[in-house]
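Fold and geometry: a report
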Amino acid sequence: MSLQEKLQQLFLLDQHIRGIRKRLDQAVARHKTQQAKLGQFRSQRQELASQLKMAQVKSASADNQIKDLQQRIDRLRDQMNNVKSNKEYSAVLIEVNTLKLEKSKLEDAALELMGQVERLQQELQEIEARCQQQEKLAASAHAEVDASQAEIKDQLDELTTKRVAAESQVPAEALAVFNRLAYEHEGEVMAAVVEEDRRSNDYSCGGCYISIPIERVNALMTHLDQIVCCPNCGRILYLDEEFKASMGSK
Ligand SMILES: [Zn+2]
């Protein structure tokens, strides 16, 4: 195996490993999103529950106040039957009418509160249903993370073993260049040569899409144990199978 092929093998293994990890990363991100939504629904539910509780307390207190007023009115009515003078009668009557007015206002408020309680109960039911649905979504996203982790474990172990073997075949100097470029290009260390137009010797780098001088393409084809880089982006160039096949059929 030539140096170029060894490097390409290493590069492809790295790509494969990154691809596999990406699926897991995506599953983790999806789970995070579903968890965040669940948290939002739960806090909405908590907020509504406390609003409902407050409205229920107010509603009960209004009912008690109405009962109190009714009792006071009843007592005053009894009093009216035993009054001694017209003046006294009028005074009690005025008090009764004042209390009746107060009671009527409270009854309106109590009705309003009852409506509020019903509305909040309805909203709470809806958010409860949404919470339950979201819990299912979050659980399934979590299961996906677990499955993805379990699924890639074997593959990752296998690929890592292969990578160690592939790496051991690359001379130290070339490996140092490979690692440095891998770091600079976030893993995208190699780029395939793209044939734009063979008749005019027009080739470009599959990494940065800038054209490559024909001398470099020739070097790639003839000096298989040399590292040939793109003059623009610096990635290590390689010829993919399609390119080689088309060259062979020339
Ligand atoms: Zn390039």
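Keep in mind that this is a model prediction, so the values were computed, not measured. (Residues numbered from 1 in each chain as written. Predicted model: local features only at pLDDT ≥ 70, side-chain atom pairs only at ≥ 80, totals over all residues. Heavy atoms only, no water.)

Per the secondary structure count, the chain includes five helices and four strands. Radius of gyration (C-alpha) of the chain: 41 Å, far over the 18 Å computed for a compact globule of 250 residues. The C-alpha extent of the chain, read off along each of the three principal axes, is 130 × 40 × 30 Å. Counting all 250 residues of the chain, 32% fall into the buried class. Relative to all contacts within the chain whose residues are 6 or more apart in sequence, the contacts with residues 24 or more apart total 72%. If you sum the accessible surface of the chain, you get close to 16200 Å²; carbon and sulfur atoms cover 51% of it. (Helix = DSSP H or I, 4+ residues; strand = E, 2+ residues; numbered from the N terminus. Rg over C-alpha atoms; globule rule 2.2 N^0.38 Å. Buried < 20%, exposed > 50% of the residue type's maximum accessible area, 1.4 Å probe, protein only. Contact = heavy atoms within 4.5 Å. Areas by Shrake-Rupley, 256 points an atom, 1.4 Å probe, with all protein chains shown as cover.)

Moving on: the domain arrangement of the chain. Structurally, the chain comprises domain 1 (3-168) and domain 2 (175-248). Contacts between the two partners involve twelve residues from domain 1 and, on the opposite side, 18 residues from domain 2. In this assembly, domain 1 and domain 2 are joined by one salt bridge. Its salt-bridge partner being R18, residue E188 comes within 2.8 Å of it at the nearest N-O pair. If you list the elements that add at least two residues to the side of domain 1 that touches domain 2, you get helix 1 (3-81) and helix 2 (86-168). The greatest single-element share of the side of domain 1 that touches domain 2, amounting to ten residues, is contributed by helix 1. Classifying every residue of the side of domain 1 that touches domain 2 by side-chain character gives four nonpolar, three polar and five charged. (Domains from an automatic or database assignment. Salt bridge = Lys/Arg side-chain N within 4 Å of Asp/Glu carboxyl O. Nonpolar A, V, L, I, M, F, W, Y, C, P; charged D, E, K, R; others polar.)

The periodicity of an α-helix, 3.6 residues per turn, causes residues three or four positions apart to be oriented the same way. The terminal C-alpha atoms of helix 2 lie 117 Å apart, and with 83 residues this matches the ideal 123 Å at 1.5 Å per residue to within 8%. K153 marks the point of greatest bend in helix 2, at about 30°. (Expected span 1.5 Å × (residues − 1). Bend = angle between axes of the 7 residues up to and from the residue.)

In this section: the nonpolar core. Among the nonpolar cores identified, the biggest contains 25 residues, and L7, V170, F178, V189, M190 and I236 are the most heavily contacted of them. Among the secondary structure elements, those contributing two or more residues to this core are helix 1, helix 2, helix 3 (172-184), strand 1 (190-197) and strand 4 (236-238). Inspection of this core shows a minimum of three residues originating in each of domain 1 (3-168) and domain 2 (175-248). Ignoring anything within four residues of it in the chain, the contact list for M190 reads Q4, L7, Q8, F11, F178, R235, I236, L237 and Y238. One finds A191, V193, C205 and C208 within the second-largest nonpolar core, a separate group that totals 16 residues. (Core = buried A, V, L, I, M, F, W, Y, C linked by side-chain atoms within 4.5 Å.)

Let us now look at the packing of aromatic side chains. Applying the stated rule across the entire model yields two aromatic pairs. Each ring, one from F11 and one from Y238, has its centre 6.0 Å from the other, and the planes form 55°; the classification is tilted. Here Y238 lies in strand 4 and F11 lies in helix 1, a separation of 227 residues in the sequence. Just as F11 is buried, Y238 falls in that class too. Pairing Y203 with F243 gives two aromatic rings, centres 5.8 Å apart and planes at 55°, and the pair type is tilted. Here Y203 is found in strand 2 (residues 202-205), whereas its partner F243 is found in helix 5 (residues 241-248), with 40 residues between them in sequence. Y203 gets classed as buried once you look at its relative accessible area, which sits at 2%. For F243, a relative accessible area of 5% gives the class buried. (Phe/Tyr/Trp six-rings, centres within 6.5 Å; stacked < 30°, edge-to-face > 60°.)

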